[in-house]
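Chains, contacts and geometry: an overview
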Amino acid sequence: MERKENERRVCLLVIILILTSVMFISCTGSSDDEEKKAVKDVFAMDTYMTFTAYGENAQCAVDMASDRIEELDAMLSAGSSKSEISLLNTNACAKLSDDTLEIIEKAIEVNKNTDGAFNPLIYPVMKCWGFDTGDYRIPLQNELNECLTHMDIDKIIVDKERKSVRFADPDMQIDLGGIAKGYASDQIMEIYRKNGVKSGIVSLGGNVQAIGSRPDGSSWKVAIRCPDGSSEYAGVLEVNDEAVVTSGGYERYFEQNGNTYHHIIEPHTGRPSDSGLASVTIVAKKGIVADALSTAIYIMGYEKAVKLWKEQKLSFEMFLIKDDGSQCITEGLAGAYKSDTDYSIIE
Ligand code: AMP
Ligand code: MG
């Protein structure tokens, strides 16, 4: 009851924040920055996206951002037969764009840093569960076991000179769904920068990335959803010049026989991960790192997540909500997080 009450309060806070920003806009409607605000909504990469930019070339920046997203979507989607990823999956070998190569290399690096929790070779398993088409089913463990034998990351052979990738095992198939949006938001930041945008933000489903701060110099406020499926918020993170990416099983799942099966897969069992974490939010300078890590840490669970954070081989901060609803945040974010719910600080 008390938690519900707290959540309601946070929800109110978010509404007030939104109203405040609306008020800010109406108060400063005549300022130059405000006149040069551009917003664009697109549906791509299976999600609704919003691009917002301020400055002289704001409109050009969001138009270019939306073109770039469409280009990346066409290259990276495992489900579209003409994409580079599809060609690679079908032929076990393909010449690739610099974009796709860079994402695959980062995916391999994150795999190595997360004890294999992040594994881009998850596509055959995703297909077994019907996550590729939406025709969901519960596969037999035998089927999953067969898929698991085709997930050896060392069998992805990257030839940087020839700009190609080859699979040493032809039954392997790649799925960049856990990392591609992070790369995409990095690319949008690059476009913003080239257009002189010093204040801007993008929201790609669960991925948010900001350049600079808001036009009035205050921080961007990113509300973190409660993982219970409600439209309420757990709290609000204040960020500048950073990516904020959240992963949670509640984002995509199906129900059968009273059980819930979600889309983030433990790569050693082939089954939806059940690590004790209900939601993982990563804050990092690079969207690609935040995206891959949010997926990986959701699978790794609390203890391994804290170990990884302490090692700081990959630089990031995190906000975790456990299955029991308790919240914790790494110390680097402590001052930036506002919530009415109690939370502990990881030091
Ligand atoms: P996200 O929403 O960023 O956490 O990514 C979830 C998506 O990542 C899924 O829909 C799959 O496409 C992909 N995925 C699922 N499990 C894994 C895994 N263990 N490693 C890498 N990608 C995964
Ligand atoms: Mg991810």
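Rules used in this analysis
- Residues numbered from 1 in each chain as written.
- Chains lettered and ligands numbered in written order.
- Predicted model: local features only at pLDDT ≥ 70, side-chain atom pairs only at ≥ 80, totals over all residues.
- Heavy atoms only, no water.
- Helix = DSSP H or I, 4+ residues; strand = E, 2+ residues; numbered from the N terminus.
- Buried < 20%, exposed > 50% of the residue type's maximum accessible area, 1.4 Å probe, protein only.
- Contact = heavy atoms within 4.5 Å.
- Near = heavy atom within 4 Å.
- Polar contact = N/O pair within 3.5 Å; in protein donor to acceptor, adjacent residues only side chain to side chain.
- Areas by Shrake-Rupley, 256 points an atom, 1.4 Å probe, with all protein chains shown as cover.
- Nonpolar A, V, L, I, M, F, W, Y, C, P; charged D, E, K, R; others polar.
- Arc of directions from axis to C-beta.
- Pairing = 2+ DSSP bridges.
- Axes fitted to C-alpha atoms, helices over the stretch in contact; angles between N-to-C directions.
- Donors = N, O, S within 2.8 Å, 3.2 Å for Na, K, Ca; no water.
- Phe/Tyr/Trp six-rings, centres within 6.5 Å; stacked < 30°, edge-to-face > 60°.

1. A short note on the overall build of the chain
- A tally of regular secondary structure across the chain gives 10 helices and 19 strands.
- The buried share among the 347 residues of the chain stands at 53%.
- Pairs at least 24 residues apart make up 58% of the contacts formed inside the chain by residues separated by at least 6 positions.

2. So, the site of ligand 1
- Neighbouring residues of ligand 1: 17 residues in total, closest Asn-119, Asp-175, Ser-247, Ile-265 and Thr-295.
- For ligand 1, a nitrogen atom lies 3.1 Å from a polar atom in the backbone of Ala-117.
- Asp-175 places a polar side-chain atom, nitrogen or oxygen, 2.7 Å from an oxygen atom of ligand 1.
- In isolation ligand 1 exposes 500 Å². Once the protein is present, 93% of that is buried.
- Element by element, the count of residues in the shell around ligand 1 is highest for helix α9 (residues 287-300), at three residues.
- Here the residues of the shell around ligand 1 sort into eight nonpolar, six polar and three charged.

3. Description of the side chain of Asn-89
- If you trace the backbone, Asn-89 turns up in helix α4 (residues 84-91).
- On the basis of relative accessible area, Asn-89 is assigned to the buried category, the value being 5%.
- Once residues lying within four places of it in the same chain are set aside, the contact partners of Asn-89 are Ala-78, Tyr-123, Phe-167, Met-172, Gln-173 and Ile-174.

4. Here's the deal with helix α10 (residues 302-311)
- Of all the positions in α10, only Ala-305, Val-306, Leu-308 and Trp-309 are classed as buried. Mapping the buried residues of α10 onto a view down its axis gives an arc of 160 degrees, with all of them on the same face. Within α10, the exposed residues directed more than 90 degrees away from the buried face are Glu-303, Lys-307 and Lys-310.
- Buried residues belonging to α10 abut α5 (98-113), α9, β16 (317-322), β17 (327-330) and β19 (343-346).

5. A closer look at the sheet that holds strand β5 (residues 164-167)
- If you trace the three strands from one edge of the open sheet to the other, you get β3-β5-β4, paired in antiparallel fashion. Of all the strands in the sheet, the pair left with one neighbour each is β3 (93-95) and β4 (156-159). Strand-to-strand twist across the sheet, computed as the mean angle between neighbouring axes with direction ignored, equals 15 degrees.
- Against the sheet, α4 touches β3 and β5, its axis set at about 150 degrees to β3.
- α5 rests against β4 and β5 of the sheet, and its axis sits at about 135 degrees to β4.

6. Observations regarding the coordination of the magnesium ion (ligand 2)
- Around the magnesium ion (ligand 2), the protein supplies Gly-178 (O), Asp-291 (O), Asp-291 (OD) and Thr-295 (OG1) as donor atoms, at distances of 2.0 to 2.5 Å.
- Each donor residue of the magnesium ion (ligand 2) belongs to the same chain, and together they define the spacing G-x112-D-x3-T. Pair noted here: Asp-291 and Thr-295 are both in helix α9, with a separation of four residues, about one helical turn. Across the pair, exposure class does not vary: Asp-291 and Thr-295 are buried alike.

7. Quick notes on the packing of aromatic side chains
- Tallying each qualifying case throughout the model produces nine aromatic pairs.
- A centroid spacing of 6.4 Å and a plane angle of 50 degrees characterise the contact between Trp-129 and Phe-254, whose relative ring orientation is tilted. Residue Trp-129 is located in helix α6 (residues 123-129), and its partner Phe-254 is located in strand β11 (residues 253-256); the two are separated by 125 residues in the primary sequence.
- For Phe-254, a relative accessible area of 6% translates into the label buried.
- Both rings, one in Tyr-136 and one in Phe-254, keep their centres 4.7 Å apart while their planes meet at 5 degrees; by these two values the pair is stacked. Separated by 118 residues along the polypeptide, Tyr-136 in the loop between α6 and α7 (141-148) and Phe-254 in strand β11 bring together distant segments of the chain.
- Exposure remark for Tyr-136: the relative accessible area of 29% places this residue in the partly exposed category.
- Within the aromatic cluster, the residues linked to one another by ring pairs are Trp-129, Phe-131, Tyr-136, Phe-254 and Tyr-261.

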